[in-house]
Amino acid sequence: MTKESSPGTARAVAHANIALAKYWGKSERGDNLTAVPSLSLTLDALTTRSQVSFDASLKSDEVILGGKTLGGRELTRVTELLDRVRKAAGESRFARVDSINNFPTAAGLASSASGFAALAVAARAAAGLPASDKDASKLARQSSASAARSIFEGFVELLEDTDSAEPVAPSSHFDVCMLVAIVQQERKDVSSTGGMEQTRLTSPYYRGWLEAAPPLFREIKQALLARDFERLAWGMERSTLLMHASMFGADPPIVYFKPTSVELIHAIKNRRAGGHPEAFTLDAGPNVKVLTLASHAAKTEEFLLRVPGVTRVIVCRPGPRAALLSLDGPLSEARRTDAAP
Ligand code: 2P0
C-alpha cells in the first residue's frame, strides 16, 4: 500500500512528571525554550495514552481527549505539534488524535507534560520518523516545556535555553514516592503559559526568581545524586515557594493556593520537624504533592487522607520512560511494545 492510501497509525504512553526544581518563565530566545533549568521526577501512576492516525480522508486534524472533541487553543496546540511532524516527515495528511488521561486534566497535575510527550512519540512514529529521544523531547518541549522531561524515566533535567531534556538518574536511583493530594479536580483559572507571561511582564520578583533558580537547581541536583533527602526537601520547598512568590508579585496576582494547600504546607513542615521524611511541592494549581521515602509512603498517605479538604491521594513511584504501545485492542488497555520510541 502507498503512504497516501494507508493511514499511518501509532500509539504511545507517557507519564506525568513533577518538578523538584521548578521551571517558571520562557526564554527571550522564543521557541518555548525555558528561562531557568528544571529537574523532575517522572511518576508511574499518572499516564496519558495517545493514538495518532494520519488519514487521507480527513479534511482537518481531529483531536479527542477523554472522549471530548477539542477546539480553540487546545486544538491549535496539538495541530501545531502535528504541523512540525508533517514538515519533518514530508507528510501531507491530517491526523485523528485520541488521548486518554488516567487523572484529572489541567488541575496542576502535569497533564500537558504527559499529554504532549505521548503525542510527540505517537505522532513521530505514525509519520514514520525514526525513534529518537532527543527529537521527541524537543518536539514535546516546543508545545509544553515540561513535556520534554516526560520522555525519560526517573529523574530528568531540562536546562535553560536547551532543546531537549536529559536523564539525570534512573527510577531505581532513589527509593522515593510522590503522593498527590487532590484538593481540587476542576480545571485551573490561569493556564501555566498565561501565568508565566503575566509574571514575567508584571512581577518585580520575577528577576529575583531568575537569579535564584539556577543555583537552587544545582543544589537540588547534588542532593538528589547524593540521595540526601533533607537537602532535597529543603531545595524543593524553596524552589516551590520562590516560584509562587514571583507569581504573588504579578499584577493581577496569581494565587494557585487554596486553604487546604496552605494547611498542608504548615502540616508537612511540622511533620518534618517531628521526624517524618516528607516535603511539599505545588505547581500551577492547588493540589499538593508530598515527596517521601518509599518506606514511609503508607504513613504519609494515612495522614493526607485524614486532612479535611483532601478528596483523594494518588501514590506515585518513580516512573518509566515514554514508549510505543501495541495497536491491539482498546487504547485504554494497550500494552507497551519493546521498541523504544
Ligand atoms: C514545572 N510547571 O517545572 C513547572 C512548575 C508548572 C509549575 O512546567 O502551559 O506544562 O503546557 O506551556 O510547560 C507547567 O508548564 O506549561 C510547568 P504549558 P508547562 O513543571
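Novice: What's the story with the overall build of the chain in this structure? I'm lost.
Specialist: The number of helices and strands found in the chain is eight helices and 12 strands. Taking 341 residues into account, the globule formula puts the C-alpha radius of gyration at 20 Å, and the chain, at 20 Å, falls close to it. Based on the C-alpha atoms only, the size of the chain along its principal axes is roughly 65 × 40 × 35 Å. Looking at the chain as a whole, 56% of its 341 residues qualify as buried.

Novice: What exactly am I supposed to notice about the environment of Arg96 here?
Specialist: With respect to the helices, strands and loops of the structure, Arg96 is situated in strand 5 (residues 94-101). Exposure remark for Arg96: the relative accessible area of 31% places this residue in the partly exposed category. The spatial distance from the C-alpha of Arg96 to the C-alpha of Ser53 is 5.2 Å, given a sequence separation of 43 residues. For Arg96, the residues in contact, after removing those within four places along its chain, are Gln51, Val52, Ser53, Asp55, Leu58 and Glu62.

Novice: Is there a simple way to think about the site of the ligand in this case?
Specialist: Among the 17 residues in the neighbourhood of the ligand, the closest are listed as Arg77, Ser144, Ser146, Arg149 and Thr193. Contact between the ligand and Arg77: an oxygen atom at 2.8 Å from a side-chain N or O atom of the residue. Within the contact set of the ligand, an oxygen atom lies 2.9 Å away from a side-chain nitrogen or oxygen of Ser112. Top element by residues in the shell around the ligand is helix 4 (residues 192-202). It accounts for three residues. In terms of residue class, the shell around the ligand is made up of seven nonpolar, five polar and five charged. When residues of the shell around the ligand are sorted by domain, at least three fall in each of domain 1 (5-171) and domain 2 (173-316).

Novice: Even after reading the chapter, I still don't get the sheet that holds strand 10 (residues 288-293), so can you show me in this structure?
Specialist: In a beta sheet, neighbouring strands are held together by backbone hydrogen bonds and run either parallel or antiparallel to one another. Reading across from one edge, 9-10-8-11 is the order of the four strands in this open sheet, with antiparallel pairing throughout. If you trace the sheet from one side to the other, it starts and ends with strand 9 (278-282) and strand 11 (312-316), each paired once. Pairwise comparison of adjacent strand axes, ignoring direction, gives a mean angle of 25 degrees for this sheet. By the bridge criterion, six bridges tie strand 8 (residues 176-182) to strand 10 in an arrangement that is antiparallel. Its bridge partner being in strand 10, Ala181 is matched across the sheet by Val288. Along the sheet, helix 7 (residues 259-273) contacts strand 8, strand 9 and strand 10; its crossing angle with strand 9, the most-contacted strand, is approximately 155 degrees. Sheet strands touched by helix 8 (residues 297-306): strand 8, strand 9, strand 10 and strand 11. Its angle to strand 8, the strand with the most contacts, is close to 10 degrees.

Novice: Would you mind showing me how to read the pairing of strand 3 (residues 62-65) here?
Specialist: Each regular strand shows side chains that alternate between the opposite faces of the sheet. When strand 3 meets strand 5, the two strands line up parallel, connected through four bridges. The residue of strand 5 that forms the bridge with Val63 is Val97. With two bridges joining them, strand 3 and strand 4 (residues 68-69) adopt antiparallel strand pairing. Across the sheet, Leu65 pairs through a bridge with Lys68, a residue of strand 4. Counted along the chain from strand 3 to the antiparallel partner strand 4, the turn is two residues long, and its residue Gly66 has a positive phi close to 55 degrees.

Novice: I would appreciate a short explanation of unusual backbone geometry in the present structure.
Specialist: Across the chain, the bulk of peptide bonds are trans and the bulk of non-glycine residues have phi less than zero. In this structure, Pro252 follows Asp251 across a cis peptide bond, with omega equal to 0 degrees. Note that Pro252 resides in the loop between helix 6 (229-248) and helix 7. Phi at Asn32 takes a positive value of approximately 60 degrees, unusual for a residue other than glycine. Mapped onto the secondary structure, Asn32 falls in the loop between strand 1 (8-21) and strand 2 (38-55). Note on Asn32: relative accessible area 16%, which makes it buried. Positive phi values are uncommon outside glycine, yet Asp161 reaches one of about 50 degrees. One can find Asp161 in the loop between strand 6 (155-158) and strand 7 (166-169).

Here is what the cut-offs are and how they apply
Residues numbered from 1 in each chain as written. Predicted model: local features only at pLDDT ≥ 70, side-chain atom pairs only at ≥ 80, totals over all residues. Heavy atoms only, no water. Helix = DSSP H or I, 4+ residues; strand = E, 2+ residues; numbered from the N terminus. Rg over C-alpha atoms; globule rule 2.2 N^0.38 Å. Buried < 20%, exposed > 50% of the residue type's maximum accessible area, 1.4 Å probe, protein only. Contact = heavy atoms within 4.5 Å. Near = heavy atom within 4 Å. Polar contact = N/O pair within 3.5 Å; in protein donor to acceptor, adjacent residues only side chain to side chain. Nonpolar A, V, L, I, M, F, W, Y, C, P; charged D, E, K, R; others polar. Domains from an automatic or database assignment. Pairing = 2+ DSSP bridges. Axes fitted to C-alpha atoms, helices over the stretch in contact; angles between N-to-C directions.

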